[in-house]
Amino acid sequence: MPGPRPAPARSAPARADRPGPPRTAQIPKPGPRRPAPAAPQPEVQLVAATKAQALDRADEAVDQLLDAGRKPGDILVLTVGAAHPWQQHELSFGEERYWAQLAEGGDVFYADAALTRPARREVVVLVVNGGTAGRAAEAYTKALGHTAALLVVCGDAGPAAAAAAGPTSGRLPA
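Read on for an overview of the structure. If you're wondering where the values come from, they're calculated on a predicted model, not measured in any experiment. For every chain, the first residue of the written sequence is number 1, and numbering continues from 1 along that sequence. Where local features are concerned, this predicted model is filtered to residues with pLDDT of at least 70; where side-chain atom pairs are given and counted, the filter is 80 or more; whole-chain, interface and lining totals use all residues. Each side-chain value is worked out from all heavy atoms of the structure, with water and hydrogens disregarded.

**Some points on the pairing of strand S5 (residues 147-154)**
Of all eight residues that make up S5, six are buried, and the element is covered over most of its length. A pair of strands is labelled paired if DSSP reports no fewer than 2 bridges between them. Strands here are runs of E lasting at least two residues and helices are runs of H or I lasting at least four, both read from the DSSP assignment and numbered beginning at the N terminus. Bridge count between strand S1 (residues 43-47) and S5: five bridges; the pairing is parallel. Opposite Val44, over in S5, you have Leu151 as the bridge partner. Where strand S4 (residues 121-127) and S5 come together, six bridges link them in parallel fashion. What sits directly across from Val124, in S5, is Leu151. Handedness of a crossover: with both strands directed away from the viewer, a clockwise path from the first strand across the helix to the second marks it as right-handed. In the classification by handedness, the crossover that spans S4, the intervening helix H4 (residues 133-146) and the parallel S5 is right-handed. Each residue is assigned to one of three classes by its accessible area relative to the maximum for its type, calculated with a 1.4 Å probe on protein chains only: buried under 20%, partly exposed between the two thresholds, exposed over 50%.

Here's what the structure looks like:
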């Protein structure tokens, strides 16, 4: 029956007969692992305000950010005390529609600082308009986790916020 014929066995040429440099060097072992580069830390901007002034200062900050070219969907506003009036307005259309706006990401979103849903925006404006100093400090830490580039704190979020901001100015970066 016809089929493939076995080929004659070929032996490998001796090392001296092979082209190329002789293999005398050992394969280098990997060096120590380098730590992954640290993620850039968001910039922190403090806007001085009392608890009574914090909402107004936050609205001014949002307006400045929009005027500087930020898209509305890039901004998340979190309140430590009472809910922002715009959040209350949006909730009047129902919880489902309210949370759908967060997922859509097309407009400024207003929420309580205790927000547990995944939300990451370029800019977070933290409004310290009430609550205890401990709640404000906790909200500051959470807000850092929600922002990619800039955290604007309107009011007093405690020593950690002040230390992270360093020297402050009233002007917001674009």
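Okay, back to it.
**Remarks on the sheet that holds S4**
The strand order S1-S5-S4-S2-S3 describes an open sheet built from five strands, whose pairing is parallel. One side of each edge strand has no neighbouring strand; the edge strands of this open sheet are S1 and strand S3 (109-112). Going across the sheet, the axis of each strand differs from the next one's by a mean of 20 degrees, ignoring polarity. Any two residues whose heavy atoms approach within 4.5 Å at even a single point are treated as in contact. Every axis corresponds to a line fitted to the C-alpha atoms, with the helix fit spanning only the stretch in contact, and the corresponding angles, defined between N-to-C directions, vary from 0 to 180 degrees. Each of S1, strand S2 (75-79), S3, S4 and S5 touches helix H1 (residues 54-67); the most contacted strand, S4, lies at about 160 degrees to it. Along the sheet, H4 contacts S1, S2, S3, S4 and S5; its crossing angle with S5, the most-contacted strand, is approximately 155 degrees.

**Quick word on the packing of aromatic side chains**
When two rings of Phe, Tyr or Trp (its six-membered ring) have centres within 6.5 Å they constitute a pair, described as stacked for plane angles under 30 degrees, edge-to-face for angles over 60, and tilted for the intermediate range. Scanning the entire structure with this criterion turns up three aromatic pairs. Between Tyr98 and Trp99 the ring centres are 4.7 Å apart and the planes differ by 70 degrees, which places this aromatic pair in the edge-to-face class. Both residues of the pair, Tyr98 and Trp99, belong to the buried class. Look at Trp99 and Phe109: their rings are 5.9 Å apart centre to centre, the planes differ by 40 degrees, and that puts the pair in the tilted class. You can see Trp99 sitting in helix H3 (residues 95-104) and its partner Phe109 sitting in strand S3, a full ten residues away along the chain. Here the aromatic residues Tyr98, Trp99 and Phe109 are joined through ring pairs into a cluster of three or more. Taking NZ or CZ as reference, Arg117 lies 4.0 Å from the ring centre of Trp99, over its face. A ring is scored as having a charge over it whenever the NZ atom of a lysine or the CZ atom of an arginine sits within 6 Å of its centre and within 35 degrees of its normal.

**Brief notes about the side chain of His146**
Relative to the helices and strands, His146 resides in helix H4. Of the residues examined, His146 reaches a relative accessible area of 9% and is grouped as buried. For the purposes of these results, a polar contact is taken to be a pair of N or O atoms within 3.5 Å, where, inside protein, one atom must be able to donate a hydrogen and its partner to accept one; residues adjacent in sequence count only when each atom of the pair is a side-chain atom. A distance of 2.6 Å separates a polar atom in the side chain of His146 from the backbone oxygen of Ala119. In this structure, His146 is in contact with Leu76, Leu78, Leu115, Arg117, Ala119, Arg120, Arg121 and Val124, ignoring residues within four places of it in sequence.

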